[in-house]
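Geometric and topological summary
Chain by chain, the residues:
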Amino acid sequence: MKGNLKFFYMNFNATTSFKHVSYLWDEKVATELNNDQVALLIYRSNLLGSDLRLTNYGGGNTSCKVFSKDPLTGNSTEVMWIKGSGGDLRSLKKSGLAALYMDRLNALKKIYRGLEFEDEMVEYLNHCIYDLNSRAPSIDTPLHAFLPFKHIDHLHPDAAIAIAASKDGKKINEKLFEGKIGWVDWQRPGFDLGLKLENCFQENPGIKGILLGGHGLFTWGDTAYESYVNTLEVIEKYADYLSRMEGKVKPIFGGNKITSLDKEDRKKQAALLAPVFRGFCSNQTRMIGHFTDDEKVLEFINSNDVERLAAMGTSCPDHFLRTKIAPLVVKLTPDEDLSDSIVLKQKLTAAFDAYRNYYSNYYSVHKHTNSPPMRDANPVIILYPGVGMFSFAKDKATARIAAEFYINAINVMRGAESVSEYVSLPLQEAFDIEYWLLEEAKLQRMPKPGALAGKIALVTGSAGGIGKAIAQKLAIEGACVVVTDINPGRLTDTAEEFNKKTGKDTFITFLMDVTKEDDIERCFREIVLAFGGVDIIVNNAGISISKTITETTLHDWDLLQSILVKGQFAISKAALRIMRQQSLDGDIVNIVSKNALVSGPNNAAYGTAKAAQLHMSRLMAAELGADKIRVNVINPDAVIQGSNIWAGGWANGRAEAYGITVEELPDYYAKRTLLREAILPADIANAVFAFVGGLLPKSTGNILNVDGGVAAAFVR
Ligand SMILES: [Zn+2]
């Protein structure tokens, strides 16, 4: 038997070539799973989830049914293992599954009171749980339970949804598969849709899958492998049909209306607009942005049909839950002069007001007496013809995924319009999903955001020492951080570290010399393209030189003035432009030094530069109050751990001067303080957080000493 199976797989591999989906099954890996059906389910799910043409991020679910021993009776009982609520197929693990008794699931049919009471069935699913480590069962559980197959895949492939969301979808589906794929009209997922699927199969016993109107696809098989191949074959067929049809009968999206700017100019325009959009989108909650000028996006937004189709809204519930029912299409010409942000804001105010009115109208027309309160009325997706697509959400990952989902929606509209006419969900249906009490409960269950969620922070000189500690602290508290440094090697290492600790969406790195205006300009352009704007600036980059007046060269002098003083000024000035474009409050925190206040020998050049940084901070605080931009100072002293300044000759020099070893330095410095404490990078990071974490919104022009207590450095 095993030999035969192997032959079948090999045969299959040799004769089948998929063009539109990826065949990833590795029989060697599958064999090692020893016929463990749950392991095979997970393996298959991971393969399906890793091809975004098969399903969107987090979309769809898979299941298998196996006989297991009932721990209560010792008898063999049928158990369904199914992806639980939340999570993504690509990274699905056993902990992401729910396991439920099939006999209990079937028994629920007897107590089901009808569509009006459908939501109460979700509670009952919990009574059917077999494995006590189960993830919460998803709303889709009955859809799998009532189909009599060992292995089932439910996916959201763009190619299949394109047919499912077209006016003649049912007819096209029937013809394309000669009746072998069933059809069930659009209905919100839940217990009742499970019964509809069961009914569809009973009426069409030979089918090998079911297309759900406006939603997605069900396919199945007797084994994990058969289900996998069936799923690929069916989706391949939809995709192949579309690729043959697209652009044949009529031009795609009604043909091109405008031409894109070239890539460089698109980025320039996007960088000017992103902070302004962010300001509008953040009038209730501060949002993080994402920008893409993907070819698929440009084809859609430059077309004749963009306004008609965008206004119709998206179809698959997964799409609009992430993107909102419709995007905002801005009426700016691609090469519009965007240089004056005040004029630009005037131009856009009406567009945002209109969108918010449209949304609150959609809410009040469709709401029920028990609907949750209206959520943020700002657009999530903003389309700028000729330039690209912006998305805004509570964090970077959510903004990026929203953009990916809108590209899914574009694919669906493209396909549907090529073979028929695109139909979106009726608005009441869309509303009922968006404000579904079960969806609201899911939102309420989400972890509370960090203190800096929605904030974007730039920390200069942050690939090591104090700077890195600050950047990490801000990232851990929920901010998106921009790590910059002059040293490429340290920057690469820090990027790896951040990737592991906080994930790729939480940071970007940028090689920057804070004394170079070009570097600074490019850095801020990267920031606004990556995150939409900036809220927190930490001027930390610095060097130190300790010499007598006689030894200090004019080059030393210029270097300190340039990096410490000019650098702080130039970065703050560039940030101010973005902060004003956003019209949101912000923070500038300058890492100065005890030496700005305390005079001692061998420090004329360094101490003067530090004093200049300190006074510049006060001057900026005085000027920027009206913009709600706070400017505060932290004065650290003798932070040795991880410091670049202390590496190399400097520490040796100091140790020698005090007649001790380098290892004894921290202790030596600690003993000089009132609190007898050594100062660590984390102490400075906490001080920055104290200023920007939300508890001191009314404090500006302050100096916070973090030096263990040095009486000479007390502010008078
Ligand atoms: Zn679905």
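Residues numbered from 1 in each chain as written. Predicted model: local features only at pLDDT ≥ 70, side-chain atom pairs only at ≥ 80, totals over all residues. Heavy atoms only, no water.

Another aspect to go through is the overall build of the protein. For the protein, the count of helices and strands is 26 helices and 18 strands. With the C-alpha coordinates of the protein rotated into their principal frame, the extents come out at 95 × 60 × 55 Å. The buried share of the protein, taken over its 716 residues, is 56%. Considering only contacts within the protein whose residues lie at least 6 apart along the sequence, 75% involve residues at least 24 apart. For the protein, the separation between the mean place of its 80 positive charges and that of its 84 negative charges on side chains is 1 Å. (Helix = DSSP H or I, 4+ residues; strand = E, 2+ residues; numbered from the N terminus. Buried < 20%, exposed > 50% of the residue type's maximum accessible area, 1.4 Å probe, protein only. Contact = heavy atoms within 4.5 Å. Lys, Arg positive; Asp, Glu negative; His and termini not counted. Charge placed at Lys NZ, Arg CZ, Asp CG, Glu CD.)

Here we take up the coordination of the zinc ion. The protein atoms that coordinate the zinc ion are His154 (NE2), His156 (NE2) and His215 (NE2), at distances spanning 2.1 Å. Counting the intervening residues between successive donors of the zinc ion yields the motif H-x1-H-x58-H. Linking His154 in strand 4 (residues 151-155) with His215 in the loop between strand 6 (209-212) and strand 7 (216-221), this pair joins segments that are 61 residues apart in sequence. Each member of the pair His154 and His215 is classed as buried. (Donors = N, O, S within 2.8 Å, 3.2 Å for Na, K, Ca; no water.)

Here the structure, examined in full by the defined rule, presents 39 salt bridges. Between Asp485 and Arg490 there is a salt bridge whose closest N-O contact spans 3.8 Å. Note on Asp485: relative accessible area 5%, which makes it buried. (Salt bridge = Lys/Arg side-chain N within 4 Å of Asp/Glu carboxyl O.)

Looking now at the nonpolar core. Ranked by size, the top nonpolar core spans 77 residues in total, and within it Leu348, Phe390, Phe524 and Val534 carry the most contacts. The leading source of residues in this core is helix 22 (residues 554-582), at ten residues. When neighbours within four sequence positions are excluded, Val534 is seen to be in contact with Arg278, Ile456, Leu458, Phe524, Ile527, Ala575, Ile578, Met579 and Gln582. Core analysis: the next-biggest nonpolar cluster, separate from the first, contains 47 residues, Leu40, Leu47, Leu176 and Ala239 among them. (Core = buried A, V, L, I, M, F, W, Y, C linked by side-chain atoms within 4.5 Å.)

Take helix 10 (residues 224-245) next. In this model helix 10 runs 32 Å from its N-terminal to its C-terminal C-alpha over 22 residues, within 8% of the 32 Å that 1.5 Å per residue would give. Gly247 sits one or two positions beyond helix 10 and adopts a positive phi of about 80 degrees. (Expected span 1.5 Å × (residues − 1).)

With mixed pairing, four strands are arranged side by side in an open sheet as 8-11-10-9. Each of the sheet's edge strands pairs with one partner strand only, and the pair in question is strand 8 (288-292) and strand 9 (328-329). Across four bridges, the pairing between strand 10 (residues 381-384) and strand 11 (residues 388-393) is antiparallel. Directly across from Tyr384, in strand 11, lies its bridge partner Gly388. (Pairing = 2+ DSSP bridges.)

A few words on the packing of aromatic side chains. Taken as a whole, this structure holds 28 aromatic pairs when the rule is applied. On the numbers, 5.0 Å between centres and 80 degrees between planes, the contact of Phe149 with Phe201 is edge-to-face. In this pair, Phe149 is assigned in the loop between helix 6 (141-145) and strand 4 and Phe201 in helix 9 (residues 191-203), connecting sequence segments 52 residues apart. Grouping residues by exposure puts Phe149 and Phe201 together as buried. Ring geometry for Phe431 against Tyr435: centres 4.7 Å apart, planes inclined by 20 degrees, an arrangement best described as stacked. Phe431 gets classed as buried once you look at its relative accessible area, which sits at 1%. The class of Tyr435 is buried, set by a relative accessible area of 3%. (Phe/Tyr/Trp six-rings, centres within 6.5 Å; stacked < 30°, edge-to-face > 60°.)

Bringing a nonpolar patch on the surface into the picture now. Taken together, the side chains of Leu674, Leu675 and Phe714 define a hydrophobic patch exposed on the protein surface, amounting to about 330 Å² of accessible area. Counting through the fold element by element, Leu675 comes out in the loop between helix 25 (665-671) and helix 26 (681-692). (Patch = residues over 30% accessible without salt bridge, like charges linked within 9 Å, V, L, I, M, F, W, Y side chains within 5 Å. Areas by Shrake-Rupley, 256 points an atom, 1.4 Å probe, with all protein chains shown as cover.)

Here we take up unusual backbone geometry. Positioned with a positive phi, Ser583 is a non-glycine residue whose angle comes to about 55 degrees. Inspection of the secondary structure puts Ser583 in the loop between helix 22 and strand 16 (586-591).

Looking now at helix 21 (residues 517-531). For helix 21, with 15 residues, the first-to-last C-alpha span of 21 Å sits near the 21 Å given by 1.5 Å per residue. Of all the positions in helix 21, only Asp519, Ile520, Cys523, Phe524, Ile527, Val528, Leu529, Ala530 and Phe531 are classed as buried.

Here the focus is the side chain of Ser45. Checked against the element boundaries, Ser45 lands in helix 3 (residues 37-49). Side-chain polar atoms of Ser45 contact the backbone oxygen of Leu41, separated by 2.6 Å. With residues near it in sequence (within four places) discarded, Ser45 still touches Thr62, Leu89, Arg90 and Leu92. (Polar contact = N/O pair within 3.5 Å; in protein donor to acceptor, adjacent residues only side chain to side chain.)

Right, let's get into the sheet that holds strand 12 (residues 456-459). In space, the seven strands of this open sheet follow the order 14-13-12-15-16-17-18, with parallel pairing throughout. The strands lining the two open edges of the sheet, one partner per strand, are strand 14 (507-511) and strand 18 (703-706). Neighbour-to-neighbour, the strand axes of the sheet open up by a mean angle of 15 degrees, direction not taken into account. One ladder, built from four bridges, connects strand 12 with strand 13 (residues 480-485); its direction is parallel. Paired with Leu458 across the strands is Val482, a residue of strand 13. Where helix 22 meets the sheet, it contacts strand 12, strand 15 (536-539), strand 16 and strand 17 (629-636), and its direction lies at approximately 175 degrees from that of strand 15. (Axes fitted to C-alpha atoms, helices over the stretch in contact; angles between N-to-C directions.)

What you see with strand 10 is no split at all: Ile381 and Leu383 on one side and Ile382 and Tyr384 on the other are buried throughout. Pairing analysis gives two bridges linking strand 9 to strand 10, with the strands arranged parallel. By the bridge assignment, Val329 is partnered in strand 10 with Leu383. With helix 15 (residues 341-366) bridging strand 9 and its parallel neighbour strand 10, the resulting β-α-β unit is right-handed. Turn length for the strand 10-strand 11 hairpin, with the two strands adjacent in sequence and antiparallel, is three residues, and the turn residue Gly386 shows positive phi of about 90 degrees. (Right-handed = clockwise from strand over helix to strand, strands pointing away.)

A few words now on the pairing of strand 13. With respect to burial, strand 13 is a largely interior element, six of its six residues being buried. Alternating positions in strand 13 separate into two faces, Cys480, Val482 and Thr484 on one and Val481, Val483 and Asp485 on the other, with burial throughout. After leaving strand 12, the chain enters helix 19 (residues 465-476) and then returns to the sheet as strand 13, a path that is right-handed. For the crossover that starts at strand 13, traverses helix 20 (residues 488-501) and ends in the parallel strand 14, the hand is right-handed.

So yeah, pure geometry; function would need other evidence.
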